[in-house]
Each structure stands twice: as C-alpha cells, then as structure tokens.
Amino acid sequence: MSPPPPAQPPLHVAIIMDGNGRWAKARGLPRLEGHRRGVETVRTVVDAARELGIRYLTLYAFSAENWKRPGEEVSGLMGLLDFFLKRELNNLIKEKVRLHTIGRTEALPPNVQRELERVKEATKHFTEWNLVLALNYGAQTEAADAARAYAVAVQAGRENSDEATWEKFSRYFYTADLPDPDLLIRTSGEMRLSNFLMLQLAYAEMVFTPTLWPDFGRADLVAAVGEFGRRERRFGATTEQIKTGPR
Ligand code: IPE
Ligand code: IPE
Ligand code: MG
C-alpha cells in the first residue's frame, strides 16, 4: 500500500530529470531508449503530483546547453517532445492541467512549436493544475532576456530604474506568472543546478536522489515530498520566530 500524501504538500515542485543516458548505457541500449523511458516517467510523475496536491510541477526537459549533444540525440529528443505533446493533449484536458513553457521556445523545431501552442491554447483556461516544461531554458539567458525587456520598459517610461526591486524586475522573467518552487528534486546523483531557475530557487528545499529518471516513480516523489515536510524553512528568520510567528 502506498503511504498517504503529506498534510501540507509543496505548492510548486521543480525537477531536474537526469540520468536517462546512464540508464540506457547500463542496459547496453542507445541513449534515446533512456529518453523514451524518461517520457513514461513524466506521465507517472504528472499523475502522482496531482494526487499529492502539488499544483505546479516544473520539469527541466531541455537546457540551453543541451544543443551541444550529438545531432542525432537532439533530434531524437525533439521527436519525443512532439510525440509526448500529441499523446498528452487529451489527457491534460481531461485532467484539467494547464501547460506552460519557460525558455526560448522560438528556437525549437517549427513542428514542436506548433504542438506546444496547440496544447497551451487548449489548456489555458485551467487554473488549479499546472505543468511547466523548461525547454531550451537557461537561467543566465533568462536573466539577460529580462534585463533587455526591462531596459526597453525603462526607455518607454513604463518603469523607473531608480525603483528597481526584485518584485518588479522578476515580472520580466519567463516565470513571471508562476510561484517560486518550494522543492527542487534532481535525480541521478548529480548535485548541481546546471543553469536551472537559479534565482527562483533562492529558498527552495533541495532533494537529490541517486535514482535515475527512468526508474523514478510515485514512491520516490512521495519520499521527496516527505523529506520536504521534515525541513524547517526559515527564510532568514530564527527557529523561535518560525514557531511563535513574527514579532
Ligand atoms: C536527462 O538525462 C535528459 C536530458 C538532459 C534531456 P541525460 O541525457 O542527461 O542522462 P545522463 O546524465 O547522460 O545519464
Ligand atoms: C540538465 O541535465 C538538463 C536537463 C535535465 C534537461 P544535464 O545532464 O544536461 O546537465 P549536466 O550537463 O550534467 O550538468
Ligand atoms: Mg545528464
């Protein structure tokens, strides 16, 4: 029997889905087979997240640096993305999950862009459940894009740079409409951010698991959320203040 979901689930869980290549290599299979299995994990985790009451799920699916990979792997990943979007359209509608993207999606192949638009459009009226795919995403590029957009707004008189605060500046990030992640999970034993949501993770709890993404399942998500529940989030305050409330 699976353990019951925690009383207070994190609002937003972000996951660096890593280890597909190693999963395949360990089985003498091509890397793309690992990615294929990884797509099945995505379906499992989207379901499990909803069951646990996690309203925002962000998945790092393709980084701005992943273009460095062999052309065959990149096109294989784009093909899988296209397949995933076509397959999931009806499921997401049925489950009332809104699809969002973060990253420079304009550089993705046109067929993938079309599918993304189609699914985003068909799910845009849903509010409770949100699936965010990070595609051609890099936190440093995001910061540079935000700075450029902010500078344009200053020039147009819509912003006053003397009054710049994080609250105002962050409106120019890809994540403007999303809450900051409460929990970051990275699979496959790597302990780095790899250019993922660096500012938005300022106060996220981090859970690293050696499990490879294709092997990750509902129980692993439950375990990570359980670990999250045992952490004390202080946001710069003291334990005493957390327990008694601010004075
Ligand atoms: C994560 O798995 C998927 C993507 C980055 C697209 P990897 O392909 O990075 O798997 P490893 O790290 O080589 O095992
Ligand atoms: C991060 O994984 C990107 C995604 C999971 C999409 P990588 O496998 O690309 O990261 P590095 O290169 O090991 O840091
Ligand atoms: Mg990797």
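Definitions and limits used
Residues numbered from 1 in each chain as written. Chains lettered and ligands numbered in written order. Predicted model: local features only at pLDDT ≥ 70, side-chain atom pairs only at ≥ 80, totals over all residues. Heavy atoms only, no water. Near = heavy atom within 4 Å. Polar contact = N/O pair within 3.5 Å; in protein donor to acceptor, adjacent residues only side chain to side chain. Areas by Shrake-Rupley, 256 points an atom, 1.4 Å probe, with all protein chains shown as cover. Helix = DSSP H or I, 4+ residues; strand = E, 2+ residues; numbered from the N terminus. Nonpolar A, V, L, I, M, F, W, Y, C, P; charged D, E, K, R; others polar. Buried < 20%, exposed > 50% of the residue type's maximum accessible area, 1.4 Å probe, protein only. Pairing = 2+ DSSP bridges. Contact = heavy atoms within 4.5 Å. Salt bridge = Lys/Arg side-chain N within 4 Å of Asp/Glu carboxyl O. Right-handed = clockwise from strand over helix to strand, strands pointing away. Core = buried A, V, L, I, M, F, W, Y, C linked by side-chain atoms within 4.5 Å. Axes fitted to C-alpha atoms, helices over the stretch in contact; angles between N-to-C directions. Parallel < 35°, antiparallel > 145°, perpendicular 65-115°, else oblique. Left-handed = near helix turned anticlockwise from the far one by under 90°.

J.: Is there a simple way to think about the site of ligand 2 in this case?
T.: Neighbouring ligand 2 are the residues Ile16, Met17, Asp18, Tyr60, Ala61, Phe62, Ser63, Asn66, Arg69, Arg186, Arg192 and Ser194. Asp18 is positioned such that a nitrogen or oxygen atom in its side chain is 3.3 Å from an oxygen atom of ligand 2. Arg192 places a polar side-chain atom, nitrogen or oxygen, 2.8 Å from an oxygen atom of ligand 2. In isolation ligand 2 exposes 390 Å². Once the protein is present, 77% of that is buried. Per-element accounting of the shell around ligand 2 gives the leading share, four residues, to strand 2 (residues 56-63). Residue composition of the shell around ligand 2, grouped by class: five nonpolar, three polar and four charged.

J.: Looking at this structure, I do not really get the pairing of strand 4 (residues 129-137). What am I missing?
T.: Regular strands place their side chains on alternate faces of the sheet. Strand 4 sits mainly inside the fold: nine of its nine residues count as buried. Bridging between strand 2 and strand 4 involves seven bridges; their strand directions are parallel. Within strand 4, the residue paired with Leu57 across the bridge is Leu131. In this structure, strand 3 (residues 97-102) lies alongside strand 4, joined through six bridges in parallel fashion. Within the sheet, the bridge partner assigned to Val97 lies in strand 4 and is Trp129.

J.: Please explain the side chain of Asn130 as it appears in this structure.
T.: Relative to the helices and strands, Asn130 is located in strand 4. Residue classification places Asn130 among the buried residues on the basis of a relative accessible area of 6%. At 3.2 Å, the side chain of Asn130 and the backbone oxygen of Thr127 are in polar contact. Among residues more than four places away in sequence, those in contact with Asn130 are Arg55, Tyr56, Leu57, Val97, Arg98 and His100.

J.: I tried to follow the pattern of salt bridges on my own but got confused; where do I start?
T.: Charged atoms that come close allow side chains of opposite charge to pair. The tally for this structure, following the rule as stated, stands at 29 salt bridges. Arg31 is the partner of Glu73 in a salt bridge, and the nearest nitrogen-oxygen pair spans 2.7 Å. Residue Glu73 is found in helix 3 (residues 71-95), and its partner Arg31 is found in helix 2 (residues 31-52); the two are separated by 42 residues along the sequence. Here Arg31 falls in the partly exposed class, since its relative accessible area comes to 38%. A single network of salt bridges, built from pairs that share partners, joins Glu40, Arg43, Asp47, Arg50, Arg87, Glu88 and Glu95.

J.: Explain the pairing of strand 3 to me, please; I cannot follow it from the model alone.
T.: With five of its six residues buried, strand 3 lies for the most part within the structure. Handedness of the strand 3-helix 4 (residues 110-123)-strand 4 crossover: left-handed.

J.: Before we go on, may I ask you to explain the site of ligand 1 in this structure?
T.: By nearness alone, every residue bordering ligand 1 is listed as Met17, Asp18, Gly19, Asn20, Gly21, Arg22, Arg31, His35, Ala61, Asn66, Arg69 and Leu77. For ligand 1, an oxygen atom lies 2.7 Å from a polar atom in the side chain of Arg22. Bound to the protein, ligand 1 loses 87% of the 380 Å² it would expose on its own. Within the residue set of the shell around ligand 1, elements represented by two or more residues are helix 1 (20-26) and helix 2. With three residues, helix 1 is the largest single contributor of residues to the shell around ligand 1. The residue inventory of the shell around ligand 1, partitioned by class, reads three nonpolar, five polar and four charged.

J.: I keep staring at the nonpolar core and nothing clicks. Help me out?
T.: One recurring pattern in soluble globular proteins is that nonpolar side chains are buried together. Residues Ile15, Leu57, Leu131, Leu133 and Leu221 are the most contacted members of the largest nonpolar core, which totals 43 residues. The biggest single contributor to this core is helix 3, with nine residues. Leave out the neighbours within four places in its chain, and Leu57 touches His12, Val13, Ile15, Val45, Val46, Ala49, Asn130, Leu131 and Val132. Judged by nonpolar contacts, the second largest core, of 15 residues, contains Tyr60, Ala139, Phe196 and Leu197.

J.: Looking at this model, I keep getting lost on the packing of helix 2 against helix 3. Mind explaining?
T.: One way to put it is that helix 2 packs onto helix 3 with a least axis distance of 10 Å and a crossing angle of 25°. By the angle between their axes, helix 2 is roughly parallel relative to helix 3. Considering only the axes of helix 2 and helix 3, their crossing is right-handed. For the pair formed by helix 2 and helix 3, the contact residues are Arg31, Leu32, His35, Arg36, Val39, Glu40, Val42, Arg43, Val46, Asp47 and Arg50 on the first element and Glu73, Gly76, Leu77, Leu80, Phe83, Phe84, Arg87, Glu88, Asn91, Leu92 and Glu95 on the second.

Spatial relationships are all this shows, so hold off on functional conclusions.
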